[in-house]
Amino acid sequence: MPAAMRGGSSARPTGQGAAQAAARSRAAAPEGGLSAPAILLAALGVLLAALVVILATGERGARLAATISADVNSRLAAAGFRLAAVRVKGASPLATADILRAAGLYKDQPLAGLDLDDVRRRIESVGWVDDVRVVRLLPDTLLIQVVERRQLAVWQVDGRRQVIDVRGAPIPEADPASFSRLPLVVGPGANVGAADLLLELSRRPAVMSQVEALVRVDQRRWDLRLRSGGVIQLPAEGEAAALRRLDELDRASGLMRIGFDRLDLRVPEVVAVRPRSGVTHPAAEPEAPEAAARG
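No experiment lies behind these values; they were computed from the predicted model shown.

A. Spatial organisation of the overall build of the protein. When you go through the protein residue by residue, the secondary structure sums to 9 helices and 12 strands. In the protein, the proportion of contacts linking residues at least 24 apart, taken out of those at least 6 apart, comes to 49%. Surface summary for the protein: the accessible area is close to 16900 Å², and the carbon and sulfur share equals 54%.

B. Here's a closer look at the pattern of salt bridges. The tally for this structure, following the rule as stated, stands at 15 salt bridges. Residues glutamate 124 and arginine 120 are paired through a salt bridge, measuring 3.2 Å at the closest nitrogen-oxygen approach. Of this pair, glutamate 124 and arginine 120 are both found in helix 5 (residues 116-124), 4 residues apart, which corresponds to roughly one turn of the helix. By relative accessible area, glutamate 124 is classed as partly exposed at 37%. Where aspartate 165 meets arginine 167, a salt bridge forms, and the shortest distance between an N and an O atom there is 3.8 Å. Judged by relative accessible area, aspartate 165 falls into the buried class, the value being 1%. Its relative accessible area of 58% is what places arginine 167 among the exposed residues. One connected set of salt bridges, linked through shared partners, spans Glu200, Arg203, Arg204, Asp247 and Arg251.

C. Representation of the environment of glycine 168. With respect to the helices and strands, the residue glycine 168 is situated in the loop between strand 5 (160-165) and strand 6 (184-186). The class for glycine 168 is buried, based on a relative accessible area of 4%. Glycine 168 sits 13 residues away from tryptophan 155 along the chain, and the two C-alpha atoms are 8.8 Å apart.

D. Structural detail: the nonpolar core. If you look at the biggest cluster of nonpolar residues, it comprises 30 residues, and the most contacted ones within it are Leu214, Leu224, Ile232, Leu234, Leu246 and Leu263. Secondary-structure elements contributing two or more residues to this core are strand 4 (151-157), helix 6 (194-202), strand 7 (211-217), strand 8 (221-226), helix 8 (239-253) and helix 9 (255-258). Excluding anything up to four places from it in sequence, leucine 214 contacts Leu184, Val185, Val186, Leu197, Leu198, Leu201, Trp222, Asp223 and Leu224. Formed by 27 residues, the second largest nonpolar core is a distinct cluster that contains Leu111, Leu116, Val129 and Ala174.

E. Geometry of the environment of glycine 189. Among the secondary structure elements, glycine 189 is positioned in the loop between strand 6 and helix 6. Distance in space between the C-alpha atoms of glycine 189 and tryptophan 155 is 9.4 Å, their sequence separation being 34 residues. When sequence neighbours within four positions are dropped, the list of residues in contact with glycine 189 reads Trp155, Arg216 and Gln219.

F. Representation of the packing of aromatic side chains in the model. In total, this model carries 1 aromatic pair according to the counting rule given. Taken together, a centroid distance of 6.2 Å and an interplanar angle of 40° make the contact between tryptophan 128 and phenylalanine 179 tilted. On the criterion of sequence distance, the pair formed by tryptophan 128 in the loop between helix 5 and strand 2 (129-137) and phenylalanine 179 in the loop between strand 5 and strand 6 is long-range, its members being 51 residues apart. As far as burial versus exposure is concerned, tryptophan 128 and phenylalanine 179 are alike and both buried.

G. The arrangement of helix 8 in detail. For helix 8, which comprises 15 residues, the first-to-last C-alpha distance of 21 Å matches the rise-based estimate of 21 Å (1.5 Å per residue) to within 8%. Among all positions of helix 8, only Glu239, Ala242, Leu243, Arg245, Leu246, Asp247, Leu249 and Asp250 are buried.

Rules behind the numbers
- Residues numbered from 1 in each chain as written.
- Predicted model: local features only at pLDDT ≥ 70, side-chain atom pairs only at ≥ 80, totals over all residues.
- Heavy atoms only, no water.
- Helix = DSSP H or I, 4+ residues; strand = E, 2+ residues; numbered from the N terminus.
- Contact = heavy atoms within 4.5 Å.
- Areas by Shrake-Rupley, 256 points an atom, 1.4 Å probe, with all protein chains shown as cover.
- Salt bridge = Lys/Arg side-chain N within 4 Å of Asp/Glu carboxyl O.
- Buried < 20%, exposed > 50% of the residue type's maximum accessible area, 1.4 Å probe, protein only.
- Core = buried A, V, L, I, M, F, W, Y, C linked by side-chain atoms within 4.5 Å.
- Phe/Tyr/Trp six-rings, centres within 6.5 Å; stacked < 30°, edge-to-face > 60°.
- Expected span 1.5 Å × (residues − 1).

What follows is the structure in structure tokens.
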């Protein structure tokens, strides 16, 4: 905390202690004998005077004020108001490196004259960032408070993979190889609506634990591709109701545990199963021959 902001009372040193304190004060003060707090107060006075000049003289005053401001910033930097530390809060380690790179800060740059709005705009351009606040902590620290975009899934389309957020927007800086724990969504338009389906699946862990990928079909409905190689075909509408039917069937017959090649839930109130070779599912209706041809 700057000396000018410290609270509480202090005792006045006497004798040898007073001499030592005076020596320390002289050593700490910048050239010219003024302490950093004194220079800060003087700088505020000069800037206030510059504002009065601008209001009184217009454009010529603005140019004069810019010159005065540059001189004030130089004096403040000489007094110790230089950037020594940047603290980033709310961002993951992966995001922090990109945020610092975009901020364009460097050690010992004058802190008082730093354009915080410009720094904020640069950080907002980073794909990881949903919102950001930049705060100057005198004498030498800048705080960057970030709300990071929540990573939802890895989206694969046209042979390319990207990490997407909860709105389906890609995060360009995120390397999909570092997010293998995220669900995989596949196909054109799969980034749109994936959040709603993943929310429904999260309520059915017995199903979700076996899903390898969510595949968008004709940009109108979903197939769930399972780790076992089986496929669950969901309807274009009423996905939540179809998953509830699957949940009920699984509790009654252990369907997910037994496994299948294809499970068709596209027709309301009907569950058509193509079992694995040698396996039957008496609790479900057998799949009609034409079901395999449906998209």
